[in-house]
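The residues making up each chain are set out below.
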Amino acid sequence: MNPRLVLASTSPFRQSLLARLGLPFDTASPNADESALEGESPEQLVQRLACLKARAVSAGHPDSLIIGSDQVACIEGSILGKPGNRGNAIAQLARASGKGVTFYTGLCLLNSRSGEEQVLCEPFTVHFRELTREQIEHYVDKEEPFGCAGSFKSEGLGIVLFRKLEGDDPNALIGLPLIHLVDMLKNEGIELP
């Protein structure tokens, strides 16, 4: 019998992605401090937080495979947070206009029985079109991406903001790199399809 899968996230986007694999899973809300450590790179940050989230729910889910994930967006060396409001979203998109924004998605698969962790960071770069203030405001008002790092929803209208996408797994952009997750699950004896 396969161990139970647990997604250490309440993100509807990550839940929707994981559901694509056709495996039953539970969700659990991790209680984790997501603050960056002094000198920590974006890659180190997302890997550490993915593991932290998986470990945070492991006590309540013995004999499970726990999936932790975290993501940050970076432009010109600085991390973009979730905008939270219209003004910040407009400012983030104006800053991204004509530039590349790299998303780093950390993934951890924790076997809560053995304590073994498989961990990685999957980068994905979005190259923005040159955007006018009017285009940005129209997009922000239509989609209200206030809870999304980078101020867009690539699975929605946000796709019109881009001139090119660059990376190995487009699912990583939404927050859960499924290609690598399938490999990690295989390492734990779960074959797909």
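Reading the values: the criteria
- Positions within a chain are numbered from 1, following the residues in the order the chain's sequence is written.
- Reporting of local features is limited, given that this is a predicted model, to residues whose pLDDT is at least 70; pairs of side-chain atoms are given and counted only at 80 or more, and all residues count toward the totals for whole chains, interfaces and linings.
- Just so you know, side-chain values use all the structure's heavy atoms and leave hydrogens and water out.
- Here, nonpolar core refers to any group of buried Ala, Val, Leu, Ile, Met, Phe, Trp, Tyr and Cys residues whose side-chain atoms link them within 4.5 Å.
- Any residue under 20% of the maximum accessible area for its type is buried, any over 50% is exposed, and the rest in between are partly exposed; the area is computed with a 1.4 Å probe on protein chains only.
- Elements are defined by DSSP. Helices are runs of H or I of four residues or more, strands are runs of E of two residues or more, and each kind is numbered from the N terminus.
- Salt bridge, as applied in this entry: a Lys or Arg side-chain nitrogen positioned within 4 Å of an Asp or Glu carboxyl oxygen.
- Every patch collects residues that have over 30% relative accessible area and no salt bridge, joining them within 9 Å if they carry like charges and within 5 Å if they are nonpolar side chains (Val, Leu, Ile, Met, Phe, Trp, Tyr).
- All accessibility values rest on the Shrake-Rupley procedure with a 1.4 Å probe; residue burial counts only the protein chains present in the view.
- Under the counting rule used here, the positive set is Lys and Arg, the negative set is Asp and Glu, and His together with the chain ends is not counted.
- Side-chain atoms alone can form a polar contact between residues adjacent in sequence; in general such a contact is a pair of N or O atoms within 3.5 Å, and within protein one must be able to donate a hydrogen while the other accepts it.
- Side-chain rings of Phe, Tyr and Trp, where Trp is taken by its six-membered ring, are said to pair if the distance between their centres is within 6.5 Å; with planes under 30 degrees apart they count as stacked, over 60 as edge-to-face, and otherwise as tilted.
- What counts as an axis is a line fitted to C-alpha atoms, over the stretch in contact for a helix, and the angles between N-to-C directions run from 0 to 180 degrees.
- Every angle not falling under 35 degrees, over 145, or within 65 to 115 is termed oblique; those three ranges are roughly parallel, roughly antiparallel and roughly perpendicular.
- Two helices crossing with the near one rotated counterclockwise from the far one by less than a right angle form a left-handed crossing, whereas a clockwise rotation gives a right-handed crossing.
- Whether two residues touch is decided by their heavy atoms; if any such pair falls within 4.5 Å, the residues are in contact.

**Digging into the nonpolar core**
- Judged by nonpolar contacts, the single largest core of 21 residues is most densely connected at Val101, Phe103, Val126, Phe128, Phe152 and Leu161.
- Of all elements in the fold, only β3 (64–75), α3 (86–96), β5 (100–111), β6 (117–128) and α4 (133–143) reach the threshold of two or more residues within this core.
- Sort the elements by how many residues they give to this core and α3 lands first, with four residues.
- Counting residues in hydrophobic clusters, the runner-up holds 16 residues, among them Leu5, Leu7, Leu176 and Leu178.

**Some points on the environment of Gly189**
- In this fold, Gly189 is placed in the segment after α6 (178–187).
- The partly exposed category is assigned to Gly189, whose relative accessible area is 48%.
- Residues Gly189 and Asn2 lie 187 residues apart in sequence; the distance between their C-alpha atoms is 7.8 Å.

**What about the pattern of salt bridges?**
- Summed over the entire model, instances satisfying the criterion amount to ten salt bridges.
- Note that Arg113 and Asp63 form a salt bridge whose closest N and O atoms lie 2.8 Å from each other. Taken together, the positions of Arg113 in the loop between β5 and β6 and Asp63 in the loop between α2 (42–58) and β3 put the pair 50 residues apart, joining distant regions of the chain.
- By relative accessible area, which is 41% here, Asp63 ends up partly exposed.
- For Glu137, the salt bridge identified is with Arg133, shortest N-O distance 2.7 Å. Placement of both Glu137 and Arg133 in helix α4 is noted, with a separation of four residues, approximately one turn of the helix.
- Arg133 gets classed as exposed once you look at its relative accessible area, which sits at 52%.

**Notes on a nonpolar patch on the surface**
- A grouping of Leu157, Ile159, Val160 and Leu165 is seen on the molecular surface, where their side chains present a nonpolar patch of about 300 Å² in accessible area.
- Note that Leu157 resides in the loop between α4 and β7 (162–167).

**A few points about the side chain of Asp169**
- Structurally, Asp169 is set in the loop between β7 and α5 (170–174).
- Here Asp169 occupies a buried position and makes no salt bridge, while the nearest side chain of opposite charge, Arg20, is found at 7.1 Å.
- Reaching out from Asp169, the side chain makes a polar contact with the side chain of Asn171 at a distance of 2.8 Å.
- Reaching out from Asp169, the side chain makes a polar contact with the backbone nitrogen of Leu178 at a distance of 2.9 Å.

**Thoughts on the packing of aromatic side chains**
- As enumerated under the stated definition, the model contains four aromatic pairs in all.
- Between Phe128 and Phe152, the ring centres sit 5.7 Å apart and the planes meet at 75°, which makes this aromatic pair edge-to-face. Placement of Phe128 in strand β6 and of Phe152 in the loop between α4 and β7 is noted, with a sequence separation of 24 residues between them. Just as Phe128 is buried, Phe152 falls in that class too.
- Judged by centre distance (4.9 Å) and plane angle (80°), the ring pair of Phe152 and Phe162 falls under edge-to-face. Taken together, the positions of Phe152 in the loop between α4 and β7 and Phe162 in strand β7 put the pair ten residues apart, joining distant regions of the chain. Summarising the burial analysis for this pair, Phe152 and Phe162 share the class buried.
- An aromatic cluster is defined as three or more aromatic residues linked by ring pairs; in this entry it consists of Phe103, Phe128, Phe152 and Phe162.

**Quick word on the packing of α3 against α4**
- Direction vectors running N to C along α3 and α4 enclose 135°, while the axes themselves pass 10 Å from each other. When the axes of α3 and α4 are compared, the pair comes out oblique. In the packing of α3 onto α4, the handedness of the crossing is right-handed. Only Arg133, Ile136, Glu137, Tyr139, Val140 and Asp141 of α4 make contact with α3, whose side of the interface consists of Arg86, Ala89, Ile90, Leu93 and Ala94.

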